[in-house]
Amino acid sequence: MKVTEKKLDDGRILLEAVASTAEVSHALTAAQYRFAQQMGVQPTPGMSVEQAVEKQLGIKDLDAIVQQQAVEYLVPFAIDKRNITPAFPALPKAAGPLKRGQTFSFEVRVTPKPDYELKSYEPVSITVPPFEIEQAEVEEQIAQIAESYAEFVSDEPHPVEKGDGFLLALEAFQNGEKMDNLSTEGRTYLTGMGLMPEDFEKHLIGMNVGETKSFSFDLPGMNADDKGDTVDCTVTVKEMQKKVVPAIDDEWVAKNLPMYRDAAALRGGITDRLTADRRAQYEAYKLQVAASELAKRFEGRIQDEVYEAMQQTLVSNLRGQLQQQGIPFEQFVQSQGGEQQFGMIMMMQTREMLVQGYALDALFRHEKMTLTDEDIDAACRSMNPQNPDAVKREMQENGRGFALREAAERMKANQWLLDHAIVNVEQLAERQ
């Protein structure tokens, strides 16, 4: 991509870019994939994305549909080409549409991220709680291990009550056909656990060992008010059972977890893992506290456009997280006290994030820090500890190298800030 820049009187930078035919084709294809994903189009073997979209959605000219997304896809490459870090996302302007096999010219006016200063660059002073691992946390994990190895054994016969465990035989039929995935000759069942619909469990209460009962129950429908399909079944209670949770002693450890010498070694291993996890969380907490303290020294006015862009990004990310959890956005807003209260919370979070970022930028410049490959790798690890290379590759391939560099600079400044901070650890008496 060929990019020229010109500084404008209003402080913005005009970028005039020409994307090659290969870049145009790549942008359109990337936009097609994003569109297909958003529309829930399933990949079809032997078909391109364009063909799959036409087959499943009836759209014949997908390139025309994804024009705007493709142009926006090209913008970060133009910005990164000139090594500019924008204050907020910039919108492109173009004289004509993108077409495969042709170059594409567009321009974008970029507001560069401003350089702010701090009232002071002296070391910050922070107060944090002491680092500690409660023995109760270790015992809780031991209890979880014991629970996972619990067994159900025969118990004294008595009528089934809610909360009981027992061995049952079950034959289930739907529309006259046997349901093999539900039928069993012997399976431990726990009432009151929501394993089966309440309409099924109500027939089990009061049954005795050896008793057989035939009945029908309704499977839940797609919606809460819908009645699902009817299942006909025959149930036999074969024996009552009780759960036996093992004692995690030396003998049990030798039999089930031979990689540990004894129960004490198991507890030591759990303590070490908890310590490593908590230590990482503790260090991250100290970094956050230090950055928050540094932000108090911020001077300057943040442009409204920056606020709006950051808030839109935060809300968009929140919507995505809630969607993954199956929580409606409107429901979450109400749980936060309604639109007005939620707006106040978002405004405060937006300002805190912006000010902390700009404060760390100022510290990076003031201390004349420079980035190394190790700093970039560390930033990628913080985003994806399991696959940092994928982060670097994705951000570079999407033209977001400037965003990766910004994250790396702020991480380095934040660590320098903590390394030079006066860290006060609360005493136990102060915390009580």
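Residues numbered from 1 in each chain as written. Predicted model: local features only at pLDDT ≥ 70, side-chain atom pairs only at ≥ 80, totals over all residues. Heavy atoms only, no water.

In the nomenclature of an unreviewed UniProt entry, the protein corresponds to Trigger factor from the organism Eggerthella lenta. The UniProt entry for the protein carries the following comment under Sequence similarities (unreviewed entry): "Belongs to the FKBP-type PPIase family. Tig subfamily." (UniProt positions renumbered as here; feature names shortened; annotations may be inferred.)

## Section: the layout of surface pockets
Put simply, the largest pocket is a space of about 2000 Å³. The wall of the largest pocket is formed by 49 residues, among which Met-310, Thr-313, Arg-400, Ala-403 and Glu-406 lie closest to the centre. Looking at the lining of the largest pocket, its residues break down into 30 nonpolar, twelve polar and seven charged. Among the domains, domain 1 (2-110) and domain 2 (125-131 + 258-425) are the pair contributing at least three residues each to the lining of the largest pocket. Forming the walls of the second largest pocket are 16 residues, and the residues nearest its centre are Thr-85, Lys-113, Asp-115, Arg-365 and Glu-409. When contributions to the lining of the second largest pocket are tallied by element, the ones reaching two or more residues are α11 (339-366) and α14 (401-419). Per-element tally for the lining of the second largest pocket: the top contributor is α14, with four residues. Here the lining of the second largest pocket is built from residues that sort into five nonpolar, two polar and nine charged. (1 Å grid on protein atoms, 1.4 Å probe; cavity = no way out; pocket = protein on both sides within 12 Å on 5 of 7 lines; lining within 4 Å. Points joined across faces, edges and corners; volume = space filled by probe spheres on them. Nonpolar A, V, L, I, M, F, W, Y, C, P; charged D, E, K, R; others polar. Domains from an automatic or database assignment. Helix = DSSP H or I, 4+ residues; strand = E, 2+ residues; numbered from the N terminus.)

## Some thoughts on empty space enclosed by the protein
If a probe as big as a water molecule is rolled over the atoms, it shows which places are left empty. Within this structure, the stated rule accounts for one cavity of 30 Å³ or more. Of the voids in this model, the largest cavity is the one considered here, and its volume is about 40 Å³. Lining the largest cavity we find Tyr-121, Glu-122, Pro-123, Val-124, Leu-294, Arg-297, Leu-363, Trp-416 and Leu-417.

## A closer look at the UniProt feature "domain: Trigger factor C-terminal" (unreviewed entry) in the protein
Under the feature "domain: Trigger factor C-terminal" (unreviewed entry), the UniProt entry names residues 265-418. Here residues 265-418 runs as 82% helix and 1% strand, with 35 Å between its end C-alpha atoms.

## Focus: the pairing of strand β4 (residues 104-110)
The alternating pattern of β4 places Phe-104, Phe-106, Val-108 and Val-110 on a buried face and Ser-105, Glu-107 and Arg-109 on a face that is not buried. Bridging between strand β2 (residues 13-19) and β4 involves seven bridges; their strand directions are antiparallel. Residue pairing in the sheet places Leu-15 in a bridge with Val-108 of β4. Across three bridges, the pairing between strand β3 (residues 92-94) and β4 is antiparallel. (Buried < 20%, exposed > 50% of the residue type's maximum accessible area, 1.4 Å probe, protein only. Pairing = 2+ DSSP bridges.)

## What about the UniProt feature "domain: Trigger factor ribosome-binding bacterial" (unreviewed entry) in the protein?
Under the local residue numbering, the UniProt record ascribes the feature "domain: Trigger factor ribosome-binding bacterial" (unreviewed entry) to residues 1-145. Taken end to end, residues 1-145 has its terminal C-alpha atoms 57 Å apart, with 39% of it in helix and 20% in strand.

## Thoughts on the pairing of strand β8 (residues 165-174)
Within β8, seven of the ten residues are buried, which leaves it mostly tucked inside the rest of the structure. With five bridges connecting them, β8 and strand β10 (residues 184-190) associate as antiparallel partners. Residue pairing across strands places Gly-165 opposite Leu-190, the latter belonging to β10. A loop of two residues connects β8 with strand β9 (residues 177-178), the two strands running antiparallel in sequence, and Asn-175 in this loop sits at a positive phi of about 55°.

## Observations regarding the environment of Gly-163
Here Gly-163 lies in the loop between β7 (151-154) and β8. Distance from Gly-163 to Met-193, taken between C-alpha atoms, is 7.6 Å for residues 30 residues apart in sequence.

## A few points about the side chain of Asp-361
Structurally, the position occupied by Asp-361 is in helix α11. At 2.8 Å, the side chain of Asp-361 and the side chain of Arg-410 are in polar contact. With near-sequence residues (within four places) excluded, Asp-361 lies in contact with Lys-113 and Arg-410. (Polar contact = N/O pair within 3.5 Å; in protein donor to acceptor, adjacent residues only side chain to side chain. Contact = heavy atoms within 4.5 Å.)

## Comments concerning the packing of aromatic side chains
Working definition: an aromatic ring pair is given by the centre-to-centre distance plus the angle between the planes. With the rule as written, the count across this model stands at 13 aromatic pairs. Ring geometry for Tyr-73 against Phe-77: centres 5.4 Å apart, planes inclined by 50°, an arrangement best described as tilted. Of this pair, Tyr-73 and Phe-77 are both found in helix α4 (residues 67-81), four residues apart, which corresponds to roughly one turn of the helix. Relative accessible area serves as the criterion here: at 9%, Tyr-73 is assigned to the buried category. Centre to centre, the rings of Phe-332 and Phe-342 are 6.3 Å apart; their planes meet at 90°, and the pair counts as edge-to-face. With Phe-332 in helix α10 (residues 329-335) and Phe-342 in helix α11, this residue pair connects regions lying ten residues apart in the sequence. Given the relative accessible area of 10%, Phe-342 is considered buried. Three or more aromatic residues link up through ring pairs in this structure, and these residues are Phe-166, Tyr-189, Phe-200, Phe-215 and Phe-217. Cation over ring: Arg-279 sits above Phe-131, and NZ or CZ is 3.8 Å from the ring centre. Taking the ring centre of Phe-329 as reference, the NZ or CZ of Arg-319 above it sits at 3.8 Å. (Phe/Tyr/Trp six-rings, centres within 6.5 Å; stacked < 30°, edge-to-face > 60°. Lys NZ or Arg CZ within 6 Å of the ring centre and 35° of its normal.)

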